[in-house]
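Residue-level listing of the chains:
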Amino acid sequence: MAGILVGKVVEQEYLWSCTLTGSNKEYNWAPEDPTPWCMVHQRPVKANEGDENDDVKPGHRLLIKSAILMPSAKKDEVTIVQIETEGYNKKTVIVPICAMKGGSDYQQYMDLLVPTKAKLKLLQGEGPINLIGSHCVDYSGFRDVEAVESEDEDEATDNDDEMEVAEDVKGKGDKKTPTKEAKDEKVEKTTTAKEDSGSKKRKASSEQTKSAEKKKKESPAKAK
């Protein structure tokens, strides 16, 4: 058995085999679902945990990799293995998958993937013939659940970022207001100072004018 994580899909792979003989000519491959997989703890759900709504249903695939015809098979006897399963659009498929001759054929590479339930049958010959492969159990729902959780986390993160940006902008706006007020106050003081300076200059000029006029009036009197 091997635990594989590919693209966030947890897959368990088991060694599989079956033997067909003259006395045992049929084999039914109809796997039962194992214990549901816990998405929170990433392990099989325990019996006392009940329904946590975090499990997914597994999918089953049978990969028949090779066939081995035993040396005890009758010489020159042709052994044929047939499979019966469900194909596309729920159509029944019945077809030979292996033909081997006793005394000359001992191993045959097959690499046949069976995605649904199937029946293997010794159509001709007495065998014994061994079929070897892998029983793959994948939890494809794991990817979907993780994707939903990831989207929720991303959305929450985006909302937090937007709130932080809004607070930063607001903080910067508050900081700018006192500065602007200070500038306005400074301008107002400068203007007032200029006005006071101008007023003083006008007053001094007026006083000088009056003094000059007074001197002119006094000058004729002295002349008499």
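Residues numbered from 1 in each chain as written. Predicted model: local features only at pLDDT ≥ 70, side-chain atom pairs only at ≥ 80, totals over all residues. Heavy atoms only, no water.

**Points about the overall build of the protein chain**
A tally of helices and strands in the protein chain yields 1 helix and 12 strands. Order of helices (α) and strands (β) in the protein chain, N terminus to C terminus: β-β-β-β-β-β-β-β-β-β-β-β-α. The proportion of buried residues among the 224 residues of the protein chain is 25%. Long-range pairs, those at least 24 residues apart, make up 74% of the contacts in the protein chain between residues at least 6 apart in sequence. (Helix = DSSP H or I, 4+ residues; strand = E, 2+ residues; numbered from the N terminus. Buried < 20%, exposed > 50% of the residue type's maximum accessible area, 1.4 Å probe, protein only. Contact = heavy atoms within 4.5 Å.)

**Thoughts on the environment of N130**
Within the secondary structure layout, N130 lies in strand 12 (residues 129-139). Considering only alpha carbons, one finds N130 and L20, 110 residues apart in sequence, at a separation of 6.5 Å. Setting aside chain neighbours within four positions, we find N130 in contact with C18, T19, S66, A67, I68 and M70. A distance of 2.6 Å separates a polar atom in the side chain of N130 from a polar atom in the side chain of T19. (Polar contact = N/O pair within 3.5 Å; in protein donor to acceptor, adjacent residues only side chain to side chain.)

**Quick look at the pattern of salt bridges**
Enumeration over the complete set of coordinates arrives at 1 salt bridge. Between K101 and D76 there is a salt bridge, with its nearest N and O atoms 4.0 Å apart. Pair noted here: K101 is in strand 9 (residues 92-101) and D76 is in the loop between strand 7 (59-69) and strand 8 (78-86), with a separation of 25 residues, a long-range link. The exposure class assigned to K101 is partly exposed, which follows from its relative accessible area of 36%. (Salt bridge = Lys/Arg side-chain N within 4 Å of Asp/Glu carboxyl O.)

**Section: the confidence of the model for the protein chain**
Per-residue confidence for the protein chain gives a mean pLDDT of 75, with 49% of residues at or over 70. Considering only residues more than four positions removed or in separate chains, one finds that residues 143-148, a stretch of pLDDT under 50, has 6 contacts. (pLDDT = per-residue confidence, 0-100.)

**Points about unusual backbone geometry**
Note the cis peptide between G127 and P128, where omega equals 0°. When you line up the elements, P128 lands in the loop between strand 11 (118-124) and strand 12.

**Observations regarding the environment of L112**
With respect to the secondary-structure elements, L112 resides in strand 10 (residues 107-114). For the pair L112 and S66, spaced 46 residues apart in sequence, the C-alpha to C-alpha distance is 8.6 Å.

**So, the sheet that holds strand 3 (residues 26-29)**
In spatial order, the strands read 3-11-8-9; together these 4 strands make up an open sheet with antiparallel pairing. Each end of this open sheet is capped by a strand with a single partner; those strands are strand 3 and strand 9. Across this sheet, the average inter-strand angle for adjacent strands is 20°, counted without regard to direction. (Pairing = 2+ DSSP bridges. Axes fitted to C-alpha atoms, helices over the stretch in contact; angles between N-to-C directions.)

**Topic: the nonpolar core**
Ranked by size, the top nonpolar core spans 21 residues in total, and within it W16, I64, V81, C98, L120, I129 and L131 carry the most contacts. Listed by contribution, the elements that provide at least two residues to this core are strand 2 (9-20), strand 7, strand 8, strand 9, strand 10, strand 11 and strand 12. Among the elements that line this core, the one with the most residues is strand 7, at 4 residues. Non-local contacts of I129, meaning those with residues more than four positions away in its chain, are made with C18, T19, L20, A67, I68, L69, T79, V81, C98, M100 and L122. (Core = buried A, V, L, I, M, F, W, Y, C linked by side-chain atoms within 4.5 Å.)

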